[in-house]
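Below, each chain spelled out in residue letters.
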Amino acid sequence: SLLAMTRDEVGEAVSAFEDQLEEYPEGDYALDGAFMVAECYYRQNEFDKATARYKTVWPLLENNDDAPDAHRASTLLHGAQSAGAIKDWDTPHQ
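Below is a short write-up of the structure. Because the structure is a prediction, the values reported are computed rather than measured.

**Describing helix 3 (residues 30-43)**
Given 3.6 residues to a turn, an α-helix orients residues that are three or four positions apart in the same direction.
Moving on, step 1. Here helix 3 spans 20 Å end to end across 14 residues, near enough to the 20 Å set by a 1.5 Å rise per residue.
Moving on, step 2. Within helix 3, twelve of the 14 residues are buried, which leaves the element mostly enclosed by the surrounding structure.
Moving on, step 3. Buried within helix 3 are the following residues: A30, L31, G33, A34, F35, M36, V37, A38, E39, C40, Y41 and Y42.

**Let's talk about unusual backbone geometry**
Moving on, step 1. Even without being a glycine, N45 presents a positive backbone phi close to 60 degrees.
Moving on, step 2. Position of N45 among the secondary structure elements: in the loop between helix 3 and helix 4 (47-62).
Moving on, step 3. Judged by relative accessible area, which is 55%, N45 ranks as exposed.
Moving on, step 4. The phi dihedral of K87 falls on the positive side, at around 60 degrees, and the residue is not glycine.
Moving on, step 5. Here K87 is to be found in the segment after helix 5 (69-85).

**Comments concerning the environment of C40**
Moving on, step 1. Inspection of the secondary structure assignment puts C40 in helix 3.
Moving on, step 2. In the structure, C40 is positioned ten residues away from A50 in sequence and 7.8 Å away in space, judged by C-alpha atoms.

**A word on the environment of G79**
Moving on, step 1. Counting through the fold element by element, G79 comes out in helix 5.
Moving on, step 2. For G79 and A50, which are 29 residues apart along the polypeptide, the C-alpha to C-alpha distance reads 7.2 Å.

**Focus on the nonpolar core**
Moving on, step 1. If you look at the biggest cluster of nonpolar residues, it comprises 22 residues, and the most contacted ones within it are V14, V37, V57 and L61.
Moving on, step 2. If you list the elements that add at least two residues to this core, you get helix 2 (10-23), helix 3 and helix 4.
Moving on, step 3. Looking at which element gives the most residues to this core, the answer is helix 3, with ten residues.
Moving on, step 4. Sequence-distant contacts of V37, that is, excluding residues within four places in its chain, are made with V14, F17, E18, L21 and R53.

**Description of helix 5**
Moving on, step 1. Spanning 17 residues, helix 5 covers 24 Å between terminal C-alpha atoms, matching the ideal 24 Å at 1.5 Å per step.
Moving on, step 2. Three or more residues of helix 5 are buried, namely H71, S74, T75, H78, G79, S82 and A83. Summarising the axial view, the buried residues of helix 5 lie within an arc of 140 degrees, below the 170-degree limit, and thus occupy one face.
Moving on, step 3. Residues of helix 5 that are buried in the fold lie against helix 3 and helix 4.
Moving on, step 4. Note on helix 5: the residue one or two positions beyond its end, K87, has a positive phi of about 60 degrees.

Procedures and definitions
- Residues numbered from 1 in each chain as written.
- Predicted model: local features only at pLDDT ≥ 70, side-chain atom pairs only at ≥ 80, totals over all residues.
- Heavy atoms only, no water.
- Helix = DSSP H or I, 4+ residues; strand = E, 2+ residues; numbered from the N terminus.
- Expected span 1.5 Å × (residues − 1).
- Buried < 20%, exposed > 50% of the residue type's maximum accessible area, 1.4 Å probe, protein only.
- Core = buried A, V, L, I, M, F, W, Y, C linked by side-chain atoms within 4.5 Å.
- Contact = heavy atoms within 4.5 Å.
- Arc of directions from axis to C-beta.

On their own, these measurements won't tell you what the molecule is for.
Structure below.
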């Protein structure tokens, strides 16, 4: 799925990450899967979908001391940019 994303096959990547999340919603890679889905939507300028997914990523980050700092930074930045793009002024940003 990451390979698909790097080759700009974003739709295929989203499907693969969503399948991973459906099969292992509490798994070791749930945070990475949710984050990568949000990033895929962000890259495709699908800001409504990206905003919705970033809202699910933040709680996973808050409860994970081992989460990469890059995930935290991108979630805050891209989440805020996505919400702003769709004029979702009610979305709280950490």
